[in-house]
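One-letter residues, chain by chain:
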Amino acid sequence: MARLDIDFCGIRSPNPFWLASAPPTDKAYNVERAFEAGWGGVVWKTLGEAGPPLVNVNGPRYGALLAVDRSLIGFNNIELITDRDLEVNLEEITAVKRRWPDRAVVVSIMVPCREDSWKAILPRVEDTGCDGIELNFGCPHGMSERGMGSAVGQVPEYIRMVTAWCKRYTRLPVIVKLTPNITDIRHPARAAKEGGADAVSLINTINSIMGVDPDTLTVSPAVGGEGTHGGYCGPAVKPIALNMVAEIARDPNTAGLPISGIGGIGSWRDALDFIALGAGSVQVCTAAMVFGFKIVQEMVSGLCAYLDAKGFSGVEALRGRAVGTVTDWSHLDLNRVSKAVIDQDKCIECGRCHIACEDTAHQAITCTQNGRRHFEVKEEECVGCNLCVNVCPVPGCITLRDLAPGEIDRRTGLAVSARRLEWTAHPNNPMGRRS
Amino acid sequence: MSADRKADIRPGRLTAEAYAAHFADHVPPLTDAQALLEASRCLYCFDAPCTRACPTGIDVPSFIKRIAEENARGAAETILESNPLGGFCARDCPTEVLCEQVCVRNVQQGRPVAIGRLQRFAVDRLMASANNRIFERAPSSGRRAAVVGAGPAGLACAHALARAGHTVTLCDARPKAGGLNEYGVATYKTADDYAQREVEWLLAIGGITLQLGWALTGADQLEGLCRDHDAVFLGLGLADTHRLGVPGETLAGVVDAVEFISALRQAPDPGTVPVGRRVVVIGGGMTAVDAAVQSKLLGAERVDIVYRRGPQHMRASVEEQNLARIRGVGILHWLAPVEVLGEGGAVTGMRFARQQLGAGRLAPTGEECVLEADMVLKAIGQRLGNPVLAQCGLALREGRIAVDESGRTSIPGVWAGGDCIAGGQDLTVDAVAHGLRAARDIDLQLSIARTRSGK
């Protein structure tokens, strides 16, 4: 049996599945239930400064993008950091960690961008016995208007500065949570590393508006007829998060920096994506909010079965396996040629591949043959773009076949070269290196 | 009825192709695409009604989510952890009155999630995989248990005990293990010899010695088992069928439905099994439906189920009754047998008296009718039929073995489950639940005994 336990920048947990800092980790009641269900760790919902607690709206805090069967595609929220008293949170964290010594308890913190504010709260948090802290530089709504959250995360210099303060005032591992509301994730990640961060976690939520009510013409959801942008998460954001995780994993400046992957993780398959692209732990929120804490059992089962089936000894053996396969476009091999193949035994003749290709791509799929409805790839037109594969409703019906070296590409009439050719060396590239 | 009419009971009424088609899986397995789509309909309910409706408490939402996540192995683990005979139950359970009846999708979409078919999908996938072992046997406890009867109750009990590290002797009177799974369930529900494949998988846990051809025929045998073992589980099933108790019952062509089903299950080729041209099946339960449908599938021209009460009283589920009708079986109600008619020692028909309910009691209306028949299949229930049990001093209730809520009988050290105990529903899944509950209690008792004895 593969081992699921992890050591993430010195924080140990029995499995890589942590609940992200969010409503599910707001208080001891929830966290206890999460641990009973089997979660490996939690990042406690973000604590703010001592003093009067924050105030949330008392109306819709969440909005969702749903499929026709009402399965959830994307999720949006305007909740702030914890609206409970700091002292209560600290007491509960202390008690929970004492009761669950084998689970990871990381505390998320967001206080104003002043050294004394961080200096004041860090020893208090450390006293709870928690395993690490996560700096919330990501929250994109509400808190950012007060100069915190993503307002810090969007300025690499601030990240570096605050991270350095934290490293100065606590011995706990420091995880910096990054906002995706930036143009190049590598800069904040580098800043975190320069500030001394032990790890980064990403992504936080993405600025979003869910829609407009067609009857009232107000943004939706609305609080008293008005809305504001929220933070978007759930399955829809996974590809965005994966790209950012991979960018950090393959950036020489941050290579080796532990990454806690967040963004649309709802199953072991999603977790696999993040781990293979470099994440050492994964954090979940939306899926738990949709299905309840029990889903961690399905995640654990699936990941375990996969690791066993593939002969991996544990999570660490899988981590980063796909990072080396991510490269820049300019380094892709332009001599490789693929062609779509339609399995006629599986084809149900819906015609979606044809119309997609005919209207919007390369006119490379027939719709009739000898007067009969028939869909087949015209290799002389096909560029192997994968559009038909993606629109086909039948799994495995349309696939891409890689042409072997020497085989004639019927579109160009040329034999496929065995030699690698990148854009950097391509004859059409005016900037290209000629070899 | 003409005097020169000859009883027409014979095999080979159909072509080989027709037999093959008739006795293939009557509910085909789901394809990968179908399974994923169907699994996506499951809402992963909290405190799921389907799980509560399952006698073995299978965590249905969990296993379906695992199917949706393409983790069929994990799904099978969830199923088999609660019910090691989950593969058979997926084929045989009347899901329409268990898990699927209470599926919340019934309310919202008018159609439940196909839980039974999804369960079969997951277990079939595991069974077909290179490594289909998912359970590790605990280190040997040094304790011994005897299980009498290798039907679903006995198999479940033996497997659970062996898994817990106990050494099990599993006895059965028949030449094959499986009990009703092997001998009593319709052939089209268990195509591809599934019952035997499941038995093999169960026994592969190790620690179980199978002793076939061993029948409990004397009180001294039970004493011997008790003497030689730390615990005994009785999962004997029901050995005898009820008699019609009308004239003509001994005529050639009057057959126990259970025997008829068993002979068909054991026949290497259904084309060798004789069936009447006109068949009358007496009864109103699952056995009656199985016998009637299979008579039709064997090529009988006309098959009628005749039941002495109304449709609402039939023990066969509505789904089963519909299956029978779709297959061309007639179902006649309110007719009680009066006499089996015959000529030259063979059945020619049957006379019935029309019944009505008066003050809660069934009473004849005075009207009678005759149905022509070459074959009469009796499916009016089974009974314990083993006098040894009473001789051993086992307390009986309603003609079956009395047990408490842990499956303990009146004799210390002896547990029982399955159809042979009082108060059951006579379902495979129920028998499995009995076997597992007894195994839990036996394991607990043996652990306590070991702690006390300091071993």
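Conventions we followed
- Residues numbered from 1 in each chain as written.
- Chains lettered and ligands numbered in written order.
- Predicted model: local features only at pLDDT ≥ 70, side-chain atom pairs only at ≥ 80, totals over all residues.
- Heavy atoms only, no water.
- Helix = DSSP H or I, 4+ residues; strand = E, 2+ residues; numbered from the N terminus.
- Rg over C-alpha atoms; globule rule 2.2 N^0.38 Å.
- Buried < 20%, exposed > 50% of the residue type's maximum accessible area, 1.4 Å probe, protein only.
- Contact = heavy atoms within 4.5 Å.
- Areas by Shrake-Rupley, 256 points an atom, 1.4 Å probe, with all protein chains shown as cover.
- Pairing = 2+ DSSP bridges.
- Axes fitted to C-alpha atoms, helices over the stretch in contact; angles between N-to-C directions.
- Right-handed = clockwise from strand over helix to strand, strands pointing away.
- Salt bridge = Lys/Arg side-chain N within 4 Å of Asp/Glu carboxyl O.
- Domains from an automatic or database assignment.
- Buried area = accessible area lost by both parts, 1.4 Å probe.

1. Regarding the overall build of chain B
When helices and strands are tallied, chain B shows 17 helices and 19 strands. Taking 23 Å as the expected radius of gyration for a compact globule of 455 residues, we find that chain B reaches 23 Å, a close match to that expectation. Along the longest, intermediate and shortest principal axes, the C-alpha atoms of chain B span 75 × 55 × 50 Å. Relative to its full complement of 455 residues, chain B shows a buried share of 55%. Intrachain contacts of chain B at a sequence separation of at least 6 include 71% that bridge at least 24 residues. When the accessible surface of chain B is summed, it comes to about 19000 Å², and 51% of that surface belongs to carbon and sulfur atoms.

2. Details of the sheet that holds strand S5 (residues 62-66) of chain A
Residues and elements named next belong to chain A. Read across the open sheet, the 4 strands follow the order S5-S6-S14-S11; overall the sheet is antiparallel. Of all the strands in the sheet, the pair left with one neighbour each is S5 and strand S11 (206-208). On average, adjacent strands in this sheet sit at an angle of 35 degrees to one another, irrespective of strand direction. Examined bridge by bridge, S5 and strand S6 (residues 72-77) share 5 bridges and lie antiparallel to one another. Each bridged residue has a counterpart across the sheet, and for leucine 65 the counterpart in S6 is glycine 74.

3. A few points about the pairing of strand S4 (residues 41-47) of chain A
Every other side chain in a regular strand lies on the same face of the sheet, so the side chains alternate between the two faces. Residue and element names in this part refer to chain A. Across the 7 residues of S4, 7 count as buried, placing the element largely inside the fold. Where strand S3 (residues 17-19) meets S4, 2 bridges bridge the pair, whose relative direction is parallel. Within the sheet, the bridge partner assigned to leucine 19 lies in S4 and is valine 42. Crossover handedness for the path S3 to helix H1 (residues 28-37) to S4: right-handed. The sheet contact formed by S4 and strand S7 (residues 104-109) spans 5 bridges and is parallel. Considered in S7, the bridge of tryptophan 44 is made with valine 107.

4. With respect to the side chain of asparagine 181 of chain B
All names here are of chain B. Turning to its location among the elements, asparagine 181 is positioned in helix H10 (residues 180-183). What makes asparagine 181 buried here is its relative accessible area of 2%. Other than its neighbours up to four places away in sequence, asparagine 181 contacts Leu85, Phe88, Pro152, Ala195, Glu198, Arg265 and Thr428.

5. Comments concerning the pattern of salt bridges
Residue and element names in this part refer to chain B. Enumeration over the complete set of coordinates arrives at 61 salt bridges over all chains. Across the pair aspartate 290 and lysine 189 runs a salt bridge whose closest N-O atoms are separated by 3.4 Å. Taken together, the positions of aspartate 290 in helix H14 (residues 286-297) and lysine 189 in the loop between H10 and helix H11 (194-203) put the pair 101 residues apart, joining distant regions of the chain. Judged on exposure class, the residue aspartate 290 and its partner lysine 189 are both buried. As a salt-bridge pair, glutamate 301 and arginine 277 come within 3.1 Å of each other at their nearest N and O atoms. Remark: arginine 277 occurs in the loop between strand S8 (275-276) and strand S9 (278-282) and glutamate 301 occurs in the loop between H14 and strand S10 (302-306); sequence separation between them is 24 residues. A residue is classified by how much of its surface remains accessible, and arginine 277, at 25% relative accessible area, is partly exposed.

6. Quick notes on the domain arrangement of chain B
All names here are of chain B. Structurally, chain B comprises domain 1 (24-128), domain 2 (144-239 + 384-453) and domain 3 (241-382). Each of domain 2 and domain 3 was reduced to a C-alpha centroid, and the two centroids are 31 Å apart. Contact with domain 2, which involves 19 residues of that partner, is made by 15 residues of domain 3. Summing both partners gives a buried area of about 1400 Å² for domain 2 against domain 3, and 39% of it is carried by carbon and sulfur. Three residues, Tyr183, Thr187 and Tyr188, lead the burial of domain 2 against domain 3; their summed loss comes to 37% of the area buried on that side.

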